[in-house]
Amino acid sequence: MMNVVDSFSASYAKARVKFLEAAATAGLTVTSHLHPLSGRDGEALAMDVALDGSPDASKLLIVTSACHGVEGYCGSGVQVFALHDAQWREKARAQGVAVLYVHALNPFGFSHIRRTTHENVDLNRNFQDFSKPLPVNEAYRALRPLLLPEQWPPDAANAQAVARFIETNGMAAFQAAITRGQHEFPEGLFFGGTEPTWSNRTIRQVLRDHARKAQRIAWIDLHTGLGPNGVGERIFACRDDQAALARARDWWGGQGATPVTSIYDGTSTSAFLTGLMWIALYEECPQAEYTGIAMEYGTQPMAEVMLALRAEHWLNIHPQAPAALARQIKQQMMDAFYTDTDAWKGQIISQARQALFQAVDGLGA
C-alpha cells in the first residue's frame, strides 16, 4: 500500500505521472483523451481513464476527480492511493465489481489552479439541454456588480456592500445566489456555458466506451470546498428519485454514522443546482440502475472560499495583474480547495476508502 501523503501531488503534471504509474503497477491499460491546450508549465493535458476489472462486468463503480479542476489535488490523491491498495482492489474483484477511474475530468483547471474549464465554465453546471431555454439566476444578476470589481483586493465600499448583503440575507443566500450557476455572463462566476464543453463531450464518450454493458452503476465524484475542514460530506448525486436516495443512504449512510445528504431536501451544504454532470449517465447508459454521491471534503469557511473564487475570477479577466498579486491569488485558491497537511490528507483517504468499500458492498448486495 502506498504512503498516504505520497499519494498526493503539488502539481497536475506530478499527479498525472503518479496516476499513470499507479495504473501501470496495477497492470491496467490507460486510455488518454488529450486536451486541446497545454498546462501551466507547458505539459500535455488529458482526461486519463483506467478500468480495473472486466469490461463486461455487470456491476461498475466510477471514481472521478477534478470535475472542478483545482479540486483534483484532493481527488487524484484518492485515486492514486486506491490503485496501490491491494486490499481494496481484492475487495472489488471478490464482489465482481469493475472500477473505472477517470483522472482529471477538467485537466486544464487542475493544472492552472482554476475551478473552471478552459472555456471558463463550471463543468458541474454544464450538463443542460441546450436546445431549451437555460435557467436564469436573477439573484446572481443582482449581485454581479459587487462580485468582480475593477480593482483587487476590493475597496472598502465593495467589502461593506457585500457584508450588508450577507447580514441582511444570510451566508446561505449569498452562497446560493452565486453557486447555483448562471448562463448569462461568460466571464462571471459559476458560468454554466451555452454549449457542451470539451470535458462534457469527453466524459460522455468515456461512459459510452466503458459503462454501457453494466446493469448496476455507482459513481463517487470527489470534490472539495464545502463544509468543515477534513469532513467528507456524502451528497446524493442522482435525480430526485426516492428509490435511488434510499439505496444511497443504505449503501453510504453507515446506519447514521456517515449520513447521505441531498440538495432536494435541504440537508446538504450545497445549494440546489442544475446541469450536474451525473445527468450524462442517465442519457448515455439508460440500461443501468444508477446510484451516486459527490464526496465533498471541507477546507475553509465559506466566506474565505467565496473570496478566493472571486479573486481568481478577477485574475482571469485581469491577466496583466502584478506577478506578486497573481501568485498570492493562486495560493489563496489552492488553500481554499486543498489543505496541504498530513492530517487532512489522512482524513481524505480514510473517508474515501470507507466510501469505496461501502459502494462495492452496495453494488454486490
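Each value, and the rule that gives it
Every residue gets a number counted from 1 within its own chain, in the order that chain's sequence is written. Residues qualify for local features only when their pLDDT is at least 70, as the model is predicted, and side-chain atom pairs are given and counted only at 80 or more; totals for whole chains, interfaces and linings, by contrast, use all residues. Note that the side-chain values use all heavy atoms of the structure and ignore hydrogens as well as water. Here a strand pair is declared whenever DSSP counts at least two bridges between the two strands. Working definition: helices are DSSP H or I runs of at least four residues, strands are E runs of at least two. Numbering for both runs from the N terminus. All axes are obtained by fitting lines to C-alpha atoms, using only the stretch in contact for helices, and the reported angles, taken between N-to-C directions, cover 0 to 180 degrees. An angle counts as roughly parallel when it lies under 35 degrees, as roughly antiparallel when it exceeds 145, as roughly perpendicular when it falls between 65 and 115, and as oblique in every other case. Helix crossings fall into two classes, left-handed where the near helix is turned counterclockwise from the far one by less than a right angle and right-handed where it is turned clockwise. By definition, residues are in contact when any of their heavy atoms lie within 4.5 Å. Gly is placed with the polar residues, together with every amino acid not listed as nonpolar (Ala, Val, Leu, Ile, Met, Phe, Trp, Tyr, Cys and Pro) or charged (Asp, Glu, Lys and Arg). Residue burial is assigned from relative accessible area. The probe radius is 1.4 Å, only protein chains are included, and a residue is buried under 20% of its type maximum, exposed over 50%, and partly exposed in between.

Let's shift gears to the sheet that holds strand S2 (residues 44-52). Spatially, the 8 strands line up as an open sheet ordered S1-S2-S4-S3-S5-S8-S6-S7, and their pairing is mixed. Strand pairing shows two members of the sheet lacking a second neighbour, strand S1 (30-38) and strand S7 (260-261), which therefore form its edges. Pairing analysis gives 6 bridges linking S1 to S2, with the strands arranged antiparallel. In the strand pairing of S2, Ser32 is matched with Asp48.

The N-to-C vectors of helix H7 (residues 171-179) and helix H11 (residues 302-317) enclose an angle of 30 degrees; their axes lie 11 Å apart at closest approach. With respect to H11, the element H7 is oriented roughly parallel. Seen along the crossing, H7 lies across H11 with a hand that is left-handed. In contact with Met171, Phe174, Gln175, Ile178 and Thr179 of H7, H11 contributes Met302, Ala303 and Met306. Counted by class, the contact of H7 with H11 contains 6 nonpolar, 2 polar and no charged residues.

A separate point is the pairing of strand S6 (residues 232-236). Counting buried positions along S6 yields 5 of 5 residues, so the element is predominantly enclosed. Alternating residues of S6 divide into Gly232, Arg234 and Phe236 and Glu233 and Ile235, and every residue in both groups is buried. Taken together, the 5 bridges between S6 and strand S8 (residues 289-298) define a ladder with antiparallel strand orientation. Looking at the pairing, Phe236 lines up with Ile293 of S8. With 2 bridges joining them, S6 and S7 adopt parallel strand pairing.

So yeah, pure geometry; function would need other evidence.
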